[in-house]
Amino acid sequence: MPEALEIERHRAAIARTDISRPVRLAIESAFLEKDTTFFDYGCGYGGDVERMANLGYTSAGWDPYYFPNIPITPADVVNLGYVLNVIEDVEERRQSLIEAWKLTQKVLIVAAQVLINAPSKTQLAYNDGIVTRRNTFQKYYEQEELKTYIDEVLNVDAVPAALGVYFVFRDEAQKESYKAIRFFSKISTPRVRIPSKRFEDYQEKLEPLMAFFSKRGRLPVKGELENEQELLSEFGNFRRAFGVILQATDEAEWDAIAYRRSLDIQVYLALTHFDKRPGWHKLAPEMRHDIKAFFASYEEACEVADQKLFSLGKPGVIQTACEKSKIGKHTRGALYVHVTALAALDPLLRIYEGCASRTIGRVDGATLIKYHIDKPQISYLFYPEFDTDPHPALKASITIDLKTLFVTHRDYENRANPPILHRKETFVTSNYPLYEEFAKLTQQEQQLGLLQGKSDIGTREGWEKCLAAHRVEIKGHQVYSIEEGS
């Protein structure tokens, strides 16, 4: 190991053209609102500081090299983005994390590099990381190692937001709300099917109530609805107001929303078993109202959730759930499901996927979820052209071993002959916007005999040979004969 090596940390700063991924994830989460103050601790060139200010946030940042004279001030949300991995001094790295947490009034964002390919020969081992060709230091973490480090240094329970990104919350209820919202089904509000004069007269006033029920699967309690006084003065209580909504809509659709919401809560509670399950009063008020609406008690809700979780350990349970699933594409060794269809799956499969995503948070940009039937693994597959390319190529995959929580990343971007997809409608639900378009293409391809040689057509080269042999080409999601000159 070299003695007193001069590391040029400032050269690790990245010039971005957009908001960094950790800060974008925070914006997309419920806790970063317009009146939230933001401070970037170790802001590099200051790109996030500037772009957050442009979005209307009170934003500032400090960097020991680029902005050393900016005052270091507390803020609601503090960003420590890709700072820990460039500090070669172990104690200084620890102090940086502690200082960032001291500044944090609500949420600390911690991001670090977590995936590394085999080090090249030009990289030099130094302390607990490497020195790059640019003479910067890089410490690469395993995902769980990063969480353990944050938790131990700060005495907290950091929540994974994405691979290499953790949120640390000051408020326990806010933390639990963030964790729970990941498992909320995205459900659209039922359409008006039976026009009613009474409903039409009050439609504008009733729409916030419809939106609330669509989100939470229940009627609001006092103080939860913005136009509460207006509705109560008109109808007396929420139940009467909702009765007017039921006259114009299908009651079964509302019942289905309530049922789906109760399942969402079971999935969330099942996965709290792995951490220290929050006490009743540590839950956000709206979550307590949800549980009261769907279960006799918190204890009962946890018991139902745990029964589902523990059943996953029984032999054949996941295999049976995968085989019985009416959603997704079935192969001999796996079930493949589009990410938008996850919430519609059997709760057992949702909990099983949650066992993986609880480790890495949201898998940004993933297209398909692969349930391995023959081994305890979940894979996230990236097909960025899923909607636009009739047979998109696999760009990358992330696999999580549920026994070891080890994360494996594979890159297919530069492969000459990558795997491709067929029968795209099988991965999604029937209400997916492009479902009909996908299904029509598959029907055409079946009629022309293009999908018969499954082992041959699973790669780009094999598929191109198949199209050439049948003298057809595909434009958009339509098959054309080459003879027609189309």
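Everything numeric in this text was worked out from a predicted model, so none of it was measured.

*Asks:* Tell me about the overall build of the chain, and name the residues and values.
*Replies:* When helices and strands are counted, the chain shows 15 helices and 17 strands. Radius of gyration (C-alpha) of the chain: 26 Å, near the 23 Å computed for a compact globule of 486 residues. With the C-alpha coordinates of the chain rotated into their principal frame, the extents come out at 75 × 70 × 50 Å. Taking contacts inside the chain between residues at least 6 apart in sequence as the whole, the part at least 24 apart equals 63%. Taken as a whole, the chain presents about 24500 Å² of accessible surface, with 49% of it coming from carbon and sulfur. Across the chain, the mean location of the 62 positive side-chain charges is 3 Å away from that of the 69 negative side-chain charges.

*Asks:* Just give me the short version of the pairing of strand S13 (residues 377-382), but keep the residues and values in it.
*Replies:* Most of S13 is tucked away, with 6 of its 6 residues classed as buried. Of the two faces of S13, the one holding Gln377, Ser379 and Leu381 and the one holding Ile378, Tyr380 and Phe382 are both buried throughout. Across 4 bridges, the pairing between strand S12 (residues 368-372) and S13 is antiparallel. From the neighbouring strand, Tyr371 faces S13, where its bridge partner is Ile378. What sits between S12 and S13 in their antiparallel hairpin is a turn of 4 residues. The pairing of S13 with strand S14 (residues 396-401) spans 6 bridges and is classified as antiparallel.

*Asks:* Describe unusual backbone geometry, and please don't skip the residues or the numbers.
*Replies:* Of note, the phi angle at Asn155 is positive, near 55°, even though the residue is not glycine. Structurally, Asn155 can be placed in the loop between helix H4 (143-154) and strand S8 (159-162). Phi angles above zero are rare outside glycine, and Arg423 is one such case at about 50°. Inspection of the secondary structure assignment puts Arg423 in the loop between strand S15 (407-411) and helix H14 (435-447).

*Asks:* Explain the pairing of strand S16 (residues 472-475) to me, using residue names and the numbers behind them.
*Replies:* Here S16 shows a buried face lined by Val472 and Ile474 and an unburied face lined by Glu473 and Lys475. By the bridge criterion, 4 bridges tie S16 to strand S17 (residues 478-481) in an arrangement that is antiparallel. Paired with Lys475 across the strands is Gln478, a residue of S17. The hairpin turn running from S16 into S17, its antiparallel successor, is 2 residues long, and Gly476 in that turn takes a positive phi close to 65°.

*Asks:* Go over the nonpolar core with me, naming the residues and quoting the values.
*Replies:* In this structure, Leu97, Leu108, Ile150, Tyr371 and Tyr380 are the most contacted members of the largest nonpolar core, which totals 78 residues. At 7 residues, helix H13 (residues 347-360) tops the list of elements feeding residues into this core. Once residues lying within four places of it in the same chain are set aside, the contact partners of Leu97 are Leu80, Leu84, Leu108, Val110, Tyr149, Ile150, Val153 and Leu154. Counting 21 residues, the second largest nonpolar core, distinct from the first, contains Ala26, Phe38, Val159 and Ala162.

*Asks:* Describe the packing of helix H6 (residues 197-216) against helix H8 (residues 238-248), with residues and values.
*Replies:* At a closest axis distance of 9 Å, the pairing of H6 and H8 adopts a crossing angle of 110°. With respect to each other, H6 and H8 are oriented roughly perpendicular. On the side of H6, the interface is formed by Arg198, Phe199, Leu206, Leu209, Met210 and Phe213, while H8 contributes Phe238, Ala241, Phe242, Val244, Ile245, Gln247 and Ala248. When the residues that make up the contact of H6 with H8 are grouped by side-chain class, the tally is 11 nonpolar, 1 polar and 1 charged.

*Asks:* Which residues make up the packing of aromatic side chains, and what are the values?
*Replies:* Under the counting rule described, the total for this entry stands at 16 aromatic pairs. Ring plane angle 85° and centroid distance 6.5 Å describe the contact between Phe167 and Phe169, whose orientation is recorded as edge-to-face. A relative accessible area of 0% places Phe167 in the buried class. Ring pairs connect the aromatic residues Phe386, Phe427, Tyr432 and Phe438, which therefore count as one cluster. In this arrangement the basic side chain of Arg170 is found over the ring face of Trp101, its NZ or CZ atom lying 3.7 Å from the centre. The aromatic ring of Phe184 is capped on one face by Arg261, whose charged end is 3.7 Å from the ring centroid.

*Asks:* I'd like a rundown of the pattern of salt bridges, residues and numbers included.
*Replies:* For the structure on display, the rule yields 20 salt bridges. Note that Glu234 is salt-bridged to Lys205, the shortest N-O span being 3.4 Å. With Glu234 in helix H7 (residues 228-235) and Lys205 in helix H6, the pair connects residues that are 29 residues apart, well separated along the chain. When its relative accessible area of 34% is taken as the criterion, Glu234 is described as partly exposed.

Parameters at a glance
Residues numbered from 1 in each chain as written. Predicted model: local features only at pLDDT ≥ 70, side-chain atom pairs only at ≥ 80, totals over all residues. Heavy atoms only, no water. Helix = DSSP H or I, 4+ residues; strand = E, 2+ residues; numbered from the N terminus. Rg over C-alpha atoms; globule rule 2.2 N^0.38 Å. Contact = heavy atoms within 4.5 Å. Areas by Shrake-Rupley, 256 points an atom, 1.4 Å probe, with all protein chains shown as cover. Lys, Arg positive; Asp, Glu negative; His and termini not counted. Charge placed at Lys NZ, Arg CZ, Asp CG, Glu CD. Buried < 20%, exposed > 50% of the residue type's maximum accessible area, 1.4 Å probe, protein only. Pairing = 2+ DSSP bridges. Core = buried A, V, L, I, M, F, W, Y, C linked by side-chain atoms within 4.5 Å. Axes fitted to C-alpha atoms, helices over the stretch in contact; angles between N-to-C directions. Parallel < 35°, antiparallel > 145°, perpendicular 65-115°, else oblique. Nonpolar A, V, L, I, M, F, W, Y, C, P; charged D, E, K, R; others polar. Phe/Tyr/Trp six-rings, centres within 6.5 Å; stacked < 30°, edge-to-face > 60°. Lys NZ or Arg CZ within 6 Å of the ring centre and 35° of its normal. Salt bridge = Lys/Arg side-chain N within 4 Å of Asp/Glu carboxyl O.

Read these as geometric descriptors, not functional statements.
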